[in-house]
Amino acid sequence: PVVMGGLGSSISGKDNNANASIMTNGSGTQGMLRDRVEDLLSSIVGLDHIKSQVRGLRRSTEIADLRESLIPHHSQPQTRLAVATSLLPPALSDDPTRPRSSHMVFVGNPGCGKTALARLLAKGYHELGILRKPKFLEVERMDLVGRTPQQTVAKTVEVLEEARGGILFIDEAYTLGMSTKRTKAEAGNDAIAELIRNIDAASSSSALDSNGGREDDSFPLIILAGFPEEMQNFLAAQGPLRKRFSLTFEFPDYTCEELAKIFADLCNAKGFDLESALTVTVLSDLLDRETTAEWRAERNGRVCELLLSGARTEVRKRIRSATFEEVEIDPQLIIKSDVENVMMAEFK
């Protein structure tokens, strides 16, 4: 399925109430877990459709924890509790394993948060117990493809082993279907074939063992990422690979309001303050007036980095001018004119 959704950074009260109503095992652990995961989700602007997916997995893990606390182990003697829990619905009694996320495809224009979201998932899924480690490994074609088929297989296996227990993020994955000056397209196909072979091997070995656990639950969660048109063409030509990736997330371009929020967050992270007149609404209006949708779509979140870099230059200019005018300037304060000057001079 292809998952899309409206953007917006706020978490609705309805969602919070639903989260609060999830059954826990009576300890404060689940509450703290929810808080940590929500903190991670709240650090990302927009992408609510992906946040919903993470929250759904969180609810599944909480149900799995509840089920584990209610259902006695087979090695324990039969008790009244065991008899009572045998009457639990199938959803609570059939599968004692914790949920695991499917491999994913991220598609979107440059700077729309694909890598940042994947890094967040590594931390969030580790908090939920879905991943063994909060590890995030980002690779590209050159990290998987060698000069010979043997080298390609070896490099691909090495990358999978390095990412074991965490997330393997293959950026610009569509380049695996392209030829280069050094290697033909077949070299990328060798890497694809090795990925498929290892995915299938991990799926086969994930059958329940005699103790009710998984024999191999450390295989990395793989995310293929790239631009929309290129990824569509690539996956259309790679049917066997496409079947192994059941979730596709589309990353829409950021709106002006979302870019304004990201800029404000970025300034705060870098130790800068915005003057009171420079609100998110004002920033959003400036972006809408001074830039085109096409220009923003080519950059997305990078617009905020460019804007902050230019604003810092404007602050330094004001500081130099102030030395001659004997005016005190706050070197950590960005004012509205700083932003306006950058947009008028460098943006379009």
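For the structure itself, consult the block above.
This section reports on the structure supplied with the text. Source: prediction; values computed, not measured. (Residues numbered from 1 in each chain as written. Predicted model: local features only at pLDDT ≥ 70, side-chain atom pairs only at ≥ 80, totals over all residues. Heavy atoms only, no water.)

**Focus on the layout of surface pockets**
Then, in step 1: In this model, the largest pocket occupies a volume close to 710 Å³.
Then, in step 2: Surrounding the largest pocket, 25 residues form its lining, G111, G113, A116, G301 and E305 being those nearest its centre.
Then, in step 3: Sorting the residues of the lining of the largest pocket by element identifies helix 6 (114-127), helix 12 (256-269) and helix 15 (302-325) as the ones contributing at least two each.
Then, in step 4: Considering only residue class, the lining of the largest pocket consists of 13 nonpolar, 6 polar and 6 charged. (1 Å grid on protein atoms, 1.4 Å probe; cavity = no way out; pocket = protein on both sides within 12 Å on 5 of 7 lines; lining within 4 Å. Points joined across faces, edges and corners; volume = space filled by probe spheres on them. Helix = DSSP H or I, 4+ residues; strand = E, 2+ residues; numbered from the N terminus. Nonpolar A, V, L, I, M, F, W, Y, C, P; charged D, E, K, R; others polar.)

**Let's talk about a negative patch on the surface**
Then, in step 1: Together, E140, D143, E158, E162, E172, E229 and E230 give the surface a local cluster of negative charge.
Then, in step 2: Here E172 lies in the loop between strand 4 (167-170) and helix 9 (185-205).
Then, in step 3: You can call E172 partly exposed: its relative accessible area is 32%. (Patch = residues over 30% accessible without salt bridge, like charges linked within 9 Å, V, L, I, M, F, W, Y side chains within 5 Å. Areas by Shrake-Rupley, 256 points an atom, 1.4 Å probe, with all protein chains shown as cover. Salt bridge = Lys/Arg side-chain N within 4 Å of Asp/Glu carboxyl O. Lys, Arg positive; Asp, Glu negative; His and termini not counted. Charge placed at Lys NZ, Arg CZ, Asp CG, Glu CD. Buried < 20%, exposed > 50% of the residue type's maximum accessible area, 1.4 Å probe, protein only.)

**What to know about the packing of aromatic side chains**
Then, in step 1: All chains considered together, the criterion is met by 5 aromatic pairs.
Then, in step 2: Residues F106 and F251 carry aromatic rings whose centres are separated by 4.9 Å and whose planes lie at 50° to one another, so their mutual orientation is tilted. Note that F106 is positioned in strand 2 (residues 104-108) and F251 in strand 6 (residues 247-251), a separation of 145 residues in sequence. Each member of the pair F106 and F251 is classed as buried.
Then, in step 3: Here the aromatic rings of Y174 and F227 are separated by 6.1 Å at their centres, their planes lie at 40°, and the arrangement is tilted. (Phe/Tyr/Trp six-rings, centres within 6.5 Å; stacked < 30°, edge-to-face > 60°.)

**Some points on a positive patch on the surface**
Then, in step 1: Together, K270, R312, R316 and R320 make up a region of like positive charge exposed at the surface.
Then, in step 2: With respect to the secondary-structure elements, R320 resides in helix 15.

**Points about the pairing of strand 2**
Regular strands have side chains that alternate between both faces of the sheet.
Then, in step 1: Counting buried residues in strand 2 gives 5 out of 5 residues, a clear majority hidden from the surface.
Then, in step 2: Burial of strand 2 is two-sided: the residues M104, F106 and G108 facing one way and the residues V105 and V107 facing the other way are all buried.
Then, in step 3: Two strands pair when backbone bridges link them, and strand 2 and strand 5 (residues 221-226) are joined in this way by 4 bridges, in the parallel orientation. Looking at the pairing, F106 lines up with A225 of strand 5.
Then, in step 4: Here strand 2 pairs with strand 6 via 5 bridges, running parallel. Its bridge partner lying in strand 6, F106 is registered against F249. (Pairing = 2+ DSSP bridges.)

**Description of the pattern of salt bridges**
Then, in step 1: Summed over the entire model, instances satisfying the criterion amount to 12 salt bridges.
Then, in step 2: Among the ionic pairs, E138 bridges to R119, the shortest N-O distance being 3.7 Å. Placement of the pair is E138 in strand 3 (residues 136-139) and R119 in helix 6, with a sequence separation of 19 residues.
Then, in step 3: Exposure remark for E138: the relative accessible area of 35% places this residue in the partly exposed category.
Then, in step 4: Its relative accessible area of 42% is what places R119 among the partly exposed residues.

**Things to note about the packing of helix 15 against helix 16 (residues 336-346)**
Then, in step 1: With their axes 8 Å apart at the nearest point, helix 15 and helix 16 run at an angle of 120° to one another. Taken together, the axes of helix 15 and helix 16 lie oblique to each other. The interaxial crossing formed by helix 15 with helix 16 has right-handed handedness. For the pair helix 15 and helix 16, contact is made by L306, L307, G310, A311, E314, V315 and R318 and by D338, V339, N341, V342 and M343, respectively. (Axes fitted to C-alpha atoms, helices over the stretch in contact; angles between N-to-C directions. Parallel < 35°, antiparallel > 145°, perpendicular 65-115°, else oblique. Left-handed = near helix turned anticlockwise from the far one by under 90°. Contact = heavy atoms within 4.5 Å.)

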